[in-house]
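Spelled out, the chains give:
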Amino acid sequence: MAGAAGGGRGCVTLCGAQIRDLLDAKHNVLFDCDGVIWNGETAVTGAPEVVSLLKQRGKRVFFVTNNCTRPRENYVQKFSRLGFTDVAEEEIFSSAYCSAAYLRDVARLQGKVYVIGCGGVLKELRDAGVPVAEEEDAEPGASIYNCPLDPDVKAVLVGYDENFTFMKLAKACCYLRSSECLFLATDPDPWHPLRGGRVTPGSGSLTAALETASSRKATVIGKPSRFMFDCISSQFGLDPAHSLMIGDRLETDVLFGSNCGLATVLTLTGVSTLQEAFAFRDSQEPQQKHCAPDYVVESVADILQALEE
Amino acid sequence: MAASKCTRLTGVLSRQLLDSVDSVLFDCDGVIWRGDQAIPGAPEVINSLKKNRKRVFFVTNNSTKTRQMYADKLGKLGFNASADEVFGTAYCSAVYLKNVCKLDGKVYLIGSNAMRQELEDVGIRPVGVGPDPVSGVQKDWANVPLDNEVRAVLVGFDEHFSYMKLNRALQYLCNPDCQFVGTNTDTRLPLEGGKAVPGTGCLLKAVETAAQRQAQVVGKPNIFMFECVASQFGLDPERCLMVGDRLDTDIMLGSNCGLKTLLTLTGVSTVAEAEANQKSECPQRQKMVPDYYIESIADILPALQA
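Residues numbered from 1 in each chain as written. Chains lettered and ligands numbered in written order. Predicted model: local features only at pLDDT ≥ 70, side-chain atom pairs only at ≥ 80, totals over all residues. Heavy atoms only, no water.

So, the overall build of chain B
- Scanning chain B from N- to C-terminus turns up 13 helices and 16 strands.
- Since a compact globule built from 306 residues should have a radius of gyration of about 19 Å, the 20 Å found for chain B is in line with a globular shape.
- Within chain B, the proportion of its 306 residues that are buried is 58%.
- Within chain B, contacts between residues separated by at least 24 positions form 72% of all contacts whose residues are at least 6 apart in sequence.
- Accessible surface, chain B: about 12400 Å² in total, of which carbon and sulfur atoms supply 49%.
- Between the mean site of the 33 positive side-chain charges and the mean site of the 35 negative ones, chain B shows a separation of 1 Å. (Helix = DSSP H or I, 4+ residues; strand = E, 2+ residues; numbered from the N terminus. Rg over C-alpha atoms; globule rule 2.2 N^0.38 Å. Buried < 20%, exposed > 50% of the residue type's maximum accessible area, 1.4 Å probe, protein only. Contact = heavy atoms within 4.5 Å. Areas by Shrake-Rupley, 256 points an atom, 1.4 Å probe, with all protein chains shown as cover. Lys, Arg positive; Asp, Glu negative; His and termini not counted. Charge placed at Lys NZ, Arg CZ, Asp CG, Glu CD.)

Here's the deal with helix α8 (residues 227–236) of chain A
All names here are of chain A.
- By the burial criterion, the buried members of α8 are Phe227, Met228, Phe229, Cys231 and Ile232.
- Looking at the buried side of α8, the elements it contacts are β2 (28–31), β5 (60–65), β6 (92–94), α4 (95–106) and α9 (250–259).
- Looking one or two residues beyond α8, the residue adopting positive phi is glycine 237, at roughly 60°.

So, the UniProt feature "binding site: Mg(2+)" (unreviewed entry) in chain A
All names here are of chain A.
- Within this numbering scheme, the UniProt entry marks Asp32, Asp34 and Asp248 as carrying the feature "binding site: Mg(2+)" (unreviewed entry). The named residues occupy 217 residues along the chain; their greatest pairwise C-alpha distance, 8.0 Å, places them in one compact cluster.
- Assignment of secondary structure puts aspartate 34 in the loop between β2 and β3 (38–39).
- With residues near it in sequence (within four places) discarded, aspartate 34 still touches Thr65, Asn67 and Asp248.
- In this structure, aspartate 248 sits in the loop between β13 (243–247) and α9.
- Residue classification places aspartate 248 among the buried positions, given a relative accessible area of 2%.
- Excluding its chain neighbours within four sequence positions, the residues that come into contact with aspartate 248 are Asp32, Asp34, Gly35, Val36, Asp253, Leu266, Thr267, Gly270, Val271 and Ser272. (UniProt positions renumbered as here; feature names shortened; annotations may be inferred.)

Observations concerning the pattern of salt bridges
- For the structure on display, the rule yields 29 salt bridges over all chains.
- Among the ionic pairs, aspartate 105 of chain A bridges to arginine 104 of chain A, the shortest N-O distance being 2.8 Å.
- Exposure remark for aspartate 105 of chain A: the relative accessible area of 37% places this residue in the partly exposed category.
- According to the relative accessible area criterion, arginine 104 of chain A is partly exposed, its value standing at 38%.
- Put simply, lysine 106 of chain B and aspartate 147 of chain B hold a salt bridge, and the shortest N to O gap is 2.7 Å. (Salt bridge = Lys/Arg side-chain N within 4 Å of Asp/Glu carboxyl O.)

Comments concerning the sheet that holds strand β14 (residues 263–267) of chain A
Residues and elements named next belong to chain A.
- On the basis of which strands lie adjacent, the open sheet formed by seven strands has the order β1-β15-β14-β13-β2-β5-β6 and parallel pairing. Each edge of the open sheet carries a strand with a single partner, namely β1 (12–13) and β6.
- Sheet topology note: the β5/β6 ladder contains three bridges and is parallel. Bridging from a neighbouring strand, valine 64 pairs with phenylalanine 93 of β6.
- Docked against the sheet, α4 engages β5 and β6, running at close to 80° with respect to β6. (Pairing = 2+ DSSP bridges. Axes fitted to C-alpha atoms, helices over the stretch in contact; angles between N-to-C directions.)

Here's the deal with the interface of chain B and chain A
- Contact with chain B, which involves 31 residues of that partner, is made by 29 residues of chain A.
- With both sides pooled, the region where chain B packs onto chain A buries about 2600 Å², and carbon together with sulfur makes up 67% of that total.
- If you look at where chain B meets chain A, you find zero salt bridges.
- There are five residue pairs in polar contact (both at pLDDT 80 or more) connecting chain B and chain A. (Buried area = accessible area lost by both parts, 1.4 Å probe. Polar contact = N/O pair within 3.5 Å; in protein donor to acceptor, adjacent residues only side chain to side chain.)

Observations concerning the domain arrangement of chain A
All names here are of chain A.
- Structurally, chain A comprises domain 1 (12–66 + 224–308) and domain 2 (108–220).
- Contact with domain 1, which involves six residues of that partner, is made by seven residues of domain 2.
- Interface of domain 1 and domain 2: buried area, both sides summed, is about 610 Å²; carbon and sulfur atoms make up 51% of it.
- Taken as a group, Asn66, Arg249 and Val271 account for 66% of the area that domain 1 buries against domain 2, more than any other trio of residues on that side.
- The interface formed by domain 1 and domain 2 contains zero salt bridges.
- Inspection of the region where domain 1 meets domain 2 yields three residue pairs in polar contact (both at pLDDT 80 or more).
- Here the side of domain 1 that touches domain 2 is composed, by residue class, of two nonpolar, three polar and one charged. (Domains from an automatic or database assignment. Nonpolar A, V, L, I, M, F, W, Y, C, P; charged D, E, K, R; others polar.)

Considering helix α3 (residues 67–76) of chain B
- Buried within α3 of chain B we find Arg67, Tyr70, Ala71, Lys73 and Leu74 of chain B. Mapping the buried residues of α3 of chain B onto a view down its axis gives an arc of 165°, with all of them on the same face. (Arc of directions from axis to C-beta.)

Observations concerning the side chain of aspartate 32 of chain A
- Along the polypeptide, aspartate 32 of chain A turns up in the loop between β2 and β3.
- Looking at aspartate 32 of chain A, its side chain comes within polar contact range of the side chain of lysine 223 of chain A, at 2.9 Å.

A word on empty space enclosed by the protein
Residues and elements named next belong to chain A.
- Evaluated as defined, the whole model comprises one cavity of 30 Å³ or more.
- Put simply, the largest cavity is a space of about 50 Å³.
- Leu14, Ile19, Leu22, Leu23, Leu244, Ile246, Val265, Val297 and Ile303 together form the lining of the largest cavity.
- Elements with a minimum of two residues in the lining of the largest cavity: α1 (16–25) and β13.
- The dominant element in the lining of the largest cavity, judged by the number of residues it contributes, is α1, at three residues.
- Of the residues that constitute the lining of the largest cavity, the class distribution is nine nonpolar, no polar and no charged. (1 Å grid on protein atoms, 1.4 Å probe; cavity = no way out; pocket = protein on both sides within 12 Å on 5 of 7 lines; lining within 4 Å. Points joined across faces, edges and corners; volume = space filled by probe spheres on them.)

Rendered as structure tokens:
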């Protein structure tokens, strides 16, 4: 059922025994975080227990998030704070961590990276040993009209950055004039949900500005691109046929699962709705069909019932 | 006229073309000046056109100056021109918000002081101009205090563009009744001294992406820029010539409005690009084929002085 070309993905709502049958066939379970296992600083009811139980039943559990604002060690603390016991740093794959891994292992960057991003990305780059171009905050005399460039910069990485300025956009654009300079984006999310149904601009909006300025397309690390799955697989050896992706955002999590040949489950505790899932399923365009999940659950807590029966 | 297009403008044709029009509309960057230098011969051409009793207008997507600031620059470079002949997007966006959007309320402005001034001159109060660095933490940002009199978001060129401005615009645009207008989509802004920086198009794309909404764009090739001039001066499109250096803005505007079009080669677009458009089957690309092209507008001078 998973990976069927041309769609036909069913959006089948699962309950009890069906979930158990699905899980029997899947050795690896990949969870998105925001809207799936937690919302802001609140765990989704039952989520910590689900993760523990899956591990007890011998499943391997991974967390795959486009959120690039924290380094992995902060995520470990958040998991602990929200009641998830025994989640190890190695099981957490954020777009920040994977961007650093990409630069180090895939691009094998010889030189520095110019970063439009926040603390989480900078920490992961440092931990991976990828040199970052220094950002001098207030150089006297520097303006958007003549900012000094670092000749060692061989890549530009753009992600969520609350200190984004026109100057950074102009500088990044200058670096990207050289076709040898790599152009990476942590993730494509145009906005991120905040508490209470509010939103904040995401990495995708900053990437769009830079793509427009440079007339170049970024290589996107985060979901729905395959790279995060390849990153996990290179460390843990995952077989797509025995892996399950659970997420709340059709255009990122489900499409990611589809791109990697995984079975996909949409949970309704986050961004996307059942109606939106149906619309993708019924669309004539192949790309849209790939955003329709195989299965739907109300909440990951539904898995708990299946495991406990 | 439709049959023969993309013709090199020679002396004889120049005379015929000029006789067939009463008004000439000029783009600025790459046509009459580059940065702060006039294209050699351009002031003489404009002044000569006026002596020949042609009306002259300046139509630019650049939102960083008011009409008066443009008039001052024109004067300094030797062009005989007045503020009411200038139609930049700072001015035209203000008119658009007032007359087309029928804006009743304030506008959240990502843009320049020039835009603020043009808005105030038509009686619209902008909020948000100037630096706006982020403060607080992420959870505060969705709760930035919003001015509940804001009924529109306007995006133009803004060197103070920041994440916080993008965030505020997004918060306002979450209300589907809030109007969303952009000055232009040009991806580069030419500067004094011949350099260029990312243009308004980049900032607009950031806001459109975050808000998942499309802006109404005022600048070329939107016909509004021509309608703005035409409504104030009673122009007959068939007796107008649009002179520009960009196929996708200037020439497209001319095609959209039924004007005669002249591409000058002192700026962005090339003859090869025009001819490629001409050979293409695509109707959109066909609109980006000028009637005539010329190396520089200075080459019209002999025909004017004859």
